[in-house]
Amino acid sequence: MPRTRKKKIPITNTDKASSSSTPTSSRTVIRRFHVLLKKQRQLKNASSANAEVLGEIEHEIDELGGLAAYQRMSSIGQGNDRGGGSEKVLIQWLIHMELRKREAKGKLRLLEVGALKPDNYRTCMSWIDTTSMDLRSRHPSIVEQDFLLMDEDENRGKWDIISLSLVVNFVPDPRDRGRMLCLAYSMLTPDGLLFLALPLPCVENSRYLTFDKLQSLMDVLGFTEVQRKWKKGGKMAYWLYRKSGSGHKTLHEYRKKTVCRQGDRNNFAILLP
């Protein structure tokens, strides 16, 4: 009697993140999402949008599993068997700065934007009070909220630390990326800390952004670099900035794209609103 074969369930139809997905397949899905979202935003902003092409793009996004699939792939990449998430870098830096020894001042208030798991900072509960949020919450402890739609007045000067890990690069519009950084500045306490994590190619191989250009942009916004971590041939780059002032240069040059280098480059950019 022939054996009954179990029906295979597509990865986009399951809510359980399985580490059986390879790093390569995870990165492929994530990169494809970024491409599709960029095209979707361009078509929606075009004066004569092609409804048929837009429909095809939105259909492919749905076929990939939508935002849930993107989150699942990202969550797999944060698994302990893959080296863990970027929160380990931030925690290490905060410990190095001796910020866990500030009992008299109370816990640090951390806003974790783009949280895929609710317990990234569970080992630091005694000195960090974490509020986790994401566009699509995957857990009751994660607030479902668009960071760009948060009430700026209610959150002004509220947070000791804001984490934007693999968040800015997910935003399709370069000006919304800049607005996200501006909002983070406004929401941080005086001397507050901003943790920024980006795929390394966003700065190492961009036509419009370099390490120096990013540093200059953050300086204009009023941030001072405290820490930086990346390695040649790596996948990620990390920064820790301190809110230090209101900036001291004109913003005009950061409101339009300027080619920094030629050649086979990507088009990642951050523009100020």
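Rules behind the numbers
Residues numbered from 1 in each chain as written. Predicted model: local features only at pLDDT ≥ 70, side-chain atom pairs only at ≥ 80, totals over all residues. Heavy atoms only, no water. Helix = DSSP H or I, 4+ residues; strand = E, 2+ residues; numbered from the N terminus. Buried < 20%, exposed > 50% of the residue type's maximum accessible area, 1.4 Å probe, protein only. Contact = heavy atoms within 4.5 Å. Salt bridge = Lys/Arg side-chain N within 4 Å of Asp/Glu carboxyl O. Pairing = 2+ DSSP bridges. Axes fitted to C-alpha atoms, helices over the stretch in contact; angles between N-to-C directions. Expected span 1.5 Å × (residues − 1). Polar contact = N/O pair within 3.5 Å; in protein donor to acceptor, adjacent residues only side chain to side chain. 1 Å grid on protein atoms, 1.4 Å probe; cavity = no way out; pocket = protein on both sides within 12 Å on 5 of 7 lines; lining within 4 Å. Points joined across faces, edges and corners; volume = space filled by probe spheres on them. Nonpolar A, V, L, I, M, F, W, Y, C, P; charged D, E, K, R; others polar.

## A few points about the environment of Tyr254
Next up, step 1: For Tyr254, the location among the structural elements is in the segment after strand E7 (236-243).
Next up, step 2: Overall, the relative accessible area of 4% leaves Tyr254 in the buried class.
Next up, step 3: The spacing of Tyr254 and Leu272 is 18 residues in sequence and 5.7 Å in space, taken between C-alpha atoms.
Next up, step 4: Not counting residues up to four positions away in its chain, the partners in contact with Tyr254 are Lys213, Ser216, Leu217, Val220, Ile270, Leu271 and Leu272.

## Quick word on the pattern of salt bridges
Pairing between side chains of opposite charge can happen when the charged atoms of each approach one another.
Next up, step 1: Under the counting rule described, the total for this entry stands at seven salt bridges.
Next up, step 2: Linking Arg156 and Glu152 is a salt bridge whose minimum nitrogen-to-oxygen distance equals 3.7 Å.
Next up, step 3: Given a relative accessible area of 46%, Arg156 falls into the partly exposed group.
Next up, step 4: Given a relative accessible area of 30%, Glu152 falls into the partly exposed group.
Next up, step 5: Linked through salt bridges whose partners overlap, the residues forming this network are Glu152, Asp153 and Arg156.

## Some words on the sheet that holds strand E6 (residues 223-230)
In sheet architecture, strand pairing relies on hydrogen bonds along the backbone and comes in two forms, parallel and antiparallel.
Next up, step 1: The sheet built from seven strands is open, its strands ordered E3-E2-E1-E4-E5-E7-E6 with mixed pairing. Strands with a single pairing partner mark the edges of an open sheet, and in this sheet they are strand E3 (142-144) and E6. The average angle at which neighbouring strand axes cross in this sheet is 20°, direction not considered.
Next up, step 2: Summarising the sheet, strand E2 (residues 128-134) and E3 pair through three bridges and their orientation is parallel. Looking at E3, one finds that Ser132 is bridged to Ile142.

## Some remarks on helix H8 (residues 211-221)
The α-helix advances 3.6 residues per turn, and as a result positions three or four apart in sequence lie on the same side.
Next up, step 1: With eight of 11 residues buried, H8 lies mostly within the body of the structure.
Next up, step 2: Phe211, Lys213, Leu214, Ser216, Leu217, Met218, Val220 and Leu221 are the residues of H8 that are buried.
Next up, step 3: In this structure, the buried side of H8 is in contact with helix H6 (174-187), strand E5 (188-199), helix H7 (201-204), E6 and E7.
Next up, step 4: Phi turns positive, to about 105°, at Gly222, one or two residues after H8.

## Description of H6
Next up, step 1: Between its terminal C-alpha atoms H6 stretches 20 Å, which fits the 20 Å expected from 14 residues at 1.5 Å a residue.
Next up, step 2: Extensive coverage of H6 is indicated by the burial of 11 of its 14 residues.
Next up, step 3: If you check which residues of H6 are buried, you get Pro174, Asp176, Arg177, Gly178, Met180, Leu181, Leu183, Ala184, Tyr185, Ser186 and Met187.
Next up, step 4: For H6, the N-terminal cap is Asp173; the gap from its side-chain oxygen to the backbone nitrogen of Arg175 is 2.8 Å.

## Focus on empty space enclosed by the protein
The gaps left among the atoms become clear once a water-sized probe is rolled over them.
Next up, step 1: In this structure the tally under the stated criterion is one cavity of 30 Å³ or more.
Next up, step 2: Its volume calculated, the largest cavity comes out at about 70 Å³.
Next up, step 3: Lining of the largest cavity is provided by Tyr208, Leu209, Lys213, Leu217, Glu253, Tyr254, Lys256, Lys257, Thr258, Ala269, Ile270 and Leu271.
Next up, step 4: A per-class count over the lining of the largest cavity returns seven nonpolar, one polar and four charged.

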